[in-house]
Amino acid sequence: MKFVYMFLLGFGDVVLGNDVTYPPLSELDTNKTNLSIGCLLPLNNIFGRKLEAIAQIAIDEINKRSDILENYNLVLYIKNTSAPGPPTGPSAERLATVKAFEFIDGNPIVNMIYGNLFTKNTEKSAYLTSTWNILQVAPLANSLVLSDKKRYPYFINVVTNSIFLNDLVTHFITKNKWDKVAIIAEIGFDHLGKHLEDKLKRNNVTVSNLYIVEDEDDPTDTIAAIKESGVRIIVFQVYPIMYSKLVCEVYRHSMYAPRYVWIDNRRLSDDVKDYYKSYGHGNCTWNQIVTSVEGMFGTSTISYLKDFPDTITIGGNTIKTLSEIGGIKGGDQRLYGYDAIWTMALTMNNTIKRIAPHTLEEFTYQHKNYTDIFLEEIKNLSFVGATGPVQFSDEGSRVEKLSLRQVRNGTYIPIGVYERTTKVLDFVKSPEYMWEPFGKTVPSSETRLEHKYLRVSAVLFGIYVTLSVVGIVICLVDMILMSVYRSHSGVVQDWPIIRTLVCFGCIVLNIAVILMGIDDSSSGTNDYQGACQTASWMFVVGYTLALGGMLVDSFATYHFYTKGSVTKSVKQELKYCVILIPCLVLDIILLILWQVVDPPRIKTEFLQKEYDESQDTIFQTAIAVCDSEKINGWRIVMIVYKAIVLLVATFTTWPAWFAAHGKGSAMNHYLGICVYVTVLAALIGVPVTLTLGPSPSAHYGVAGGFILLCTISTGIALLYTILSGKRDPNPNNVPALVNIINRRINEMSVTNSKDNSGHFETK
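Per an unreviewed UniProt entry, the protein is named G-protein coupled receptors family 3 profile domain-containing protein, and its organism is Owenia fusiformis. On record in UniProt, under Subcellular location (unreviewed entry), the comment for the protein is "Membrane".

Visitor: What should I look at first to understand the sheet that holds strand β16 (residues 424–427) in this one?
Guide: The strand order across the open sheet formed by eight strands is β8-β7-β9-β10-β11-β14-β15-β16, and the pairing between neighbours is mixed. In this open sheet, the two strands that pair with only one neighbour each are β8 (206–213) and β16. Sheet twist, expressed as the mean angle between neighbouring strand axes with direction ignored, is 25°. Across four bridges, strand β15 (residues 411–419) lies against β16 in antiparallel orientation. By the bridge assignment, E419 is partnered in β16 with V424.

Visitor: When you look at the UniProt feature "transmembrane region" (unreviewed entry) in the protein in this model, what are you seeing that I'm missing?
Guide: This chain's UniProt record puts "transmembrane region" (unreviewed entry) on residues 458–485, 497–518, 538–561, 573–597, 639–658, 670–692 and 698–723. Across residues 573–597 one finds 92% helix and 0% strand; the C-alpha atoms that close the span lie 37 Å apart. End-to-end, the C-alpha atoms of residues 698–723 are 37 Å apart, and along that stretch the chain is 100% helix and 0% strand.

Visitor: Just checking my understanding: could you explain helix α15 (residues 458–484) for this structure?
Guide: Since the α-helix turns once every 3.6 residues, residues separated by three or four places project in the same direction. Over its 27 residues, α15 runs 39 Å from end to end, which matches the ideal 39 Å to within 8%, given 1.5 Å per residue. Of all the positions in α15, only L460, Y464, S468, G471, I472, I474, C475, D478, L481 and M482 are classed as buried.

Visitor: Hey, could you run me through the side chain of E123 in this one?
Guide: Positionally, E123 belongs in helix α4 (residues 119–131). Given the relative accessible area of 9%, E123 is considered buried. Beyond its immediate chain neighbours, meaning those up to four positions away, E123 contacts S143, V145, L146 and Y152.

Visitor: Explain the confidence of the model for the protein here, please?
Guide: Low pLDDT means the predicted coordinates in that region are not meant to be read closely. Per-residue pLDDT for the protein has a mean of 80; in total, 82% of the residues score no lower than 70. Contacts from residues 1–17, a stretch scored under 50 in pLDDT, to residues over four places away or in other chains number 36 contacts.

Visitor: What's the story with the environment of Y304 in this structure? I'm lost.
Guide: Following the sequence through the fold, Y304 ends up in helix α11 (residues 304–307). Y304 has contacts with P309, T311, I319, D332, T387, G388 and P389, leaving out every residue within four places of it along the chain.

Visitor: How do you make sense of the pairing of β15 when you look at a structure like this?
Guide: Here is the key point about a regular strand: its side chains alternate between the two faces of the sheet. As judged from the seven bridges shared by strand β14 (residues 402–408) and β15, these two strands associate in the antiparallel manner. In the strand pairing of β15, V407 is matched with Y412. Counting the residues between successive antiparallel strands, the hairpin from β14 to β15 contains two residues, one of them, N409, with a positive phi of roughly 55°. Between β15 and β16, which pair antiparallel in sequence order, lie four residues; one of them, K423, sits at a positive phi of approximately 60°.

Visitor: Help me understand the nonpolar core in this model?
Guide: In globular proteins that are soluble, nonpolar side chains generally tend to be buried together. Core analysis: the largest hydrophobic core is formed by 102 residues, its most contacted members being L69, L76 and Y114. Here this core gets 10 residues from one element, more than from any other, and that element is helix α13 (residues 336–355).

Visitor: Mind showing me how you'd approach the side chain of T351 here?
Guide: Position of T351 relative to the elements: it lies in helix α13. Beyond its immediate chain neighbours, meaning those up to four positions away, T351 contacts I373, F374 and E377.

Visitor: Honestly, the packing of aromatic side chains in this entry has me stumped. Any pointers?
Guide: Aromatic rings in a pair are described by how distant their centres are and how their planes are angled relative to each other. All told, the structure shown has 16 aromatic pairs when counted by the stated rule. With a centroid separation of 5.9 Å and 45° between ring planes, the pair formed by F363 and Y370 is classed as tilted. Under the relative-accessibility criterion, F363 is labelled buried at 5%. When the centroid spacing of 6.1 Å and the interplanar angle of 45° are considered together, the rings of F363 and F374 count as tilted.

Cut-offs applied
Residues numbered from 1 in each chain as written. Predicted model: local features only at pLDDT ≥ 70, side-chain atom pairs only at ≥ 80, totals over all residues. Heavy atoms only, no water. UniProt positions renumbered as here; feature names shortened; annotations may be inferred. Pairing = 2+ DSSP bridges. Helix = DSSP H or I, 4+ residues; strand = E, 2+ residues; numbered from the N terminus. Axes fitted to C-alpha atoms, helices over the stretch in contact; angles between N-to-C directions. Expected span 1.5 Å × (residues − 1). Buried < 20%, exposed > 50% of the residue type's maximum accessible area, 1.4 Å probe, protein only. Contact = heavy atoms within 4.5 Å. pLDDT = per-residue confidence, 0-100. Core = buried A, V, L, I, M, F, W, Y, C linked by side-chain atoms within 4.5 Å. Phe/Tyr/Trp six-rings, centres within 6.5 Å; stacked < 30°, edge-to-face > 60°.

Here's what the structure looks like:
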């Protein structure tokens, strides 16, 4: 033991001294036996000095009583655990360990130990005292680690375990439907921070981050990171020094109410000015601090000093009187020291009969049965202390109601009481009171995000649906007329079967236009995806039938007028239609491959954001698209393939016009004109569509408009040729547009004849 003690003395910077006895031995009643309580407190800290003062008051009251430890003088052996530098950290922890070893080494032997103050320091001493069968009662030190009864079986805290404060915080957050939270925990509360994080997650609350800080840290980066994350609900569990730094940074980053909600999950003082006077941060004035903390929430146990100051304690004085005697102005946390001393005194007093004929002064650290009896008696205690009724659960935890408070004008005032066993938060004031100064609106857990979805204009969609229906009707009329009058000479010469295929292709394209305008605003997601996929299939197949039919028509016309043996018959037409079969087969193969390898899915694309400070809302433009992973690759394949078909149709139409010129009906030229309309539509429409921004209406307007232009013009042209052919199979009055084409053909024919005649003469 001596070796360990000397090793710790030499390990690091520790300070011994300032160890005193209270009351002084000279003032004790010599007719009574001295009963020792060890005390571990950082006396260089204001909290430590206040806890020492209130403990001395309790010792005086107990020693004057004849019904409590009547044959004993209760003596407090005080050891100063203040180390050079910060009150927490390696040096302070080592010193706390050294001082605890002094008691264990018999300097002096104590029945129980009162202290320590800071959590990490207490963890060191509590482990030693539990190992040596010494009951340690702490006035304030609290952590999730210290609640581990296997590691600390003889550790008792007279302040409610902070994990119960986590219950209140979780209840408050979930009741306000906040679903995203950030946590700041100082070293010493890191286990509690992790416990709160796990508890919130189990209640479906997202914890964006758990920030671990220390007193010497600058919290600027932490606060900036929270602001950048967009989280508006922040819970912090820190010591007073870090508290003063945090609230200053909150002001500097404009992160206070009503847009932000801060919850001090271990409020130590009702008056914020206490923090400012003792730990005030030079970067912020008092007025700035008041602005920063206004509306901030705090959790703690019920403050009897504030709410019930006239309550009579076990010592006979009121709580208010005790605070005045001990110089505790506000800050009722120091009063827990009074209850800790009385807890130890009553425990030993109630143990006297149970250990008879043995006595308390016979206690040694080998007497584990003594300590076990102490522990049992603590759990049976019930008295009124300086912090209200003192009782302990079967697990040895202090049983207290919890308080939810809110800062108004620099002071935490009570707004609700939480009963942990029933999980009910009773509001002292109306729930609306919390938000009255802040627009009477419960803040959101993060900046509200609203999506403005870009969709196809309903007016545009209505117009295109109407035009599509008109185009479908025209094509249906064409198909009916060609079927009814197919034996008519003026209709037979226009290849009715081929042109029926063209009409059917136009109908399919018109239906595709309707489906292209359907989005998630006019249908469910599944319907939207189905419409998108169906439109893709119909566009590919419809294009092949319509444009491919025109190509076949041009080829058939050219073949008919250049080969004298060809007759216009159903059999011959069907032979020409066979040309489309390879194209349709290729369409089906590509579409099936696309569907299997990379099927289109509904995806939401998020575009630019705009923040509206007046509404505290981010408005983000979004668009729902039916897209696949490699959509650009599939588009290139389809465009190249269809461009080849269009190119062939383009170069087949002009020779067909030459071949038919002066030999048949001028109506043969109309379908060729529609081919060139399609060419112009493709040359203009495809590049324009690819350069358009993310506007569904613009894309739909351009693509759908050009498709409708081609299909409706084709339907009208076919209808005109049918009606004209039925009226006059060989019309003399040629329309102006066809006349222009005929004149150009005549000019080219004459030029070609001259060139040929000159060639023969030279030869």
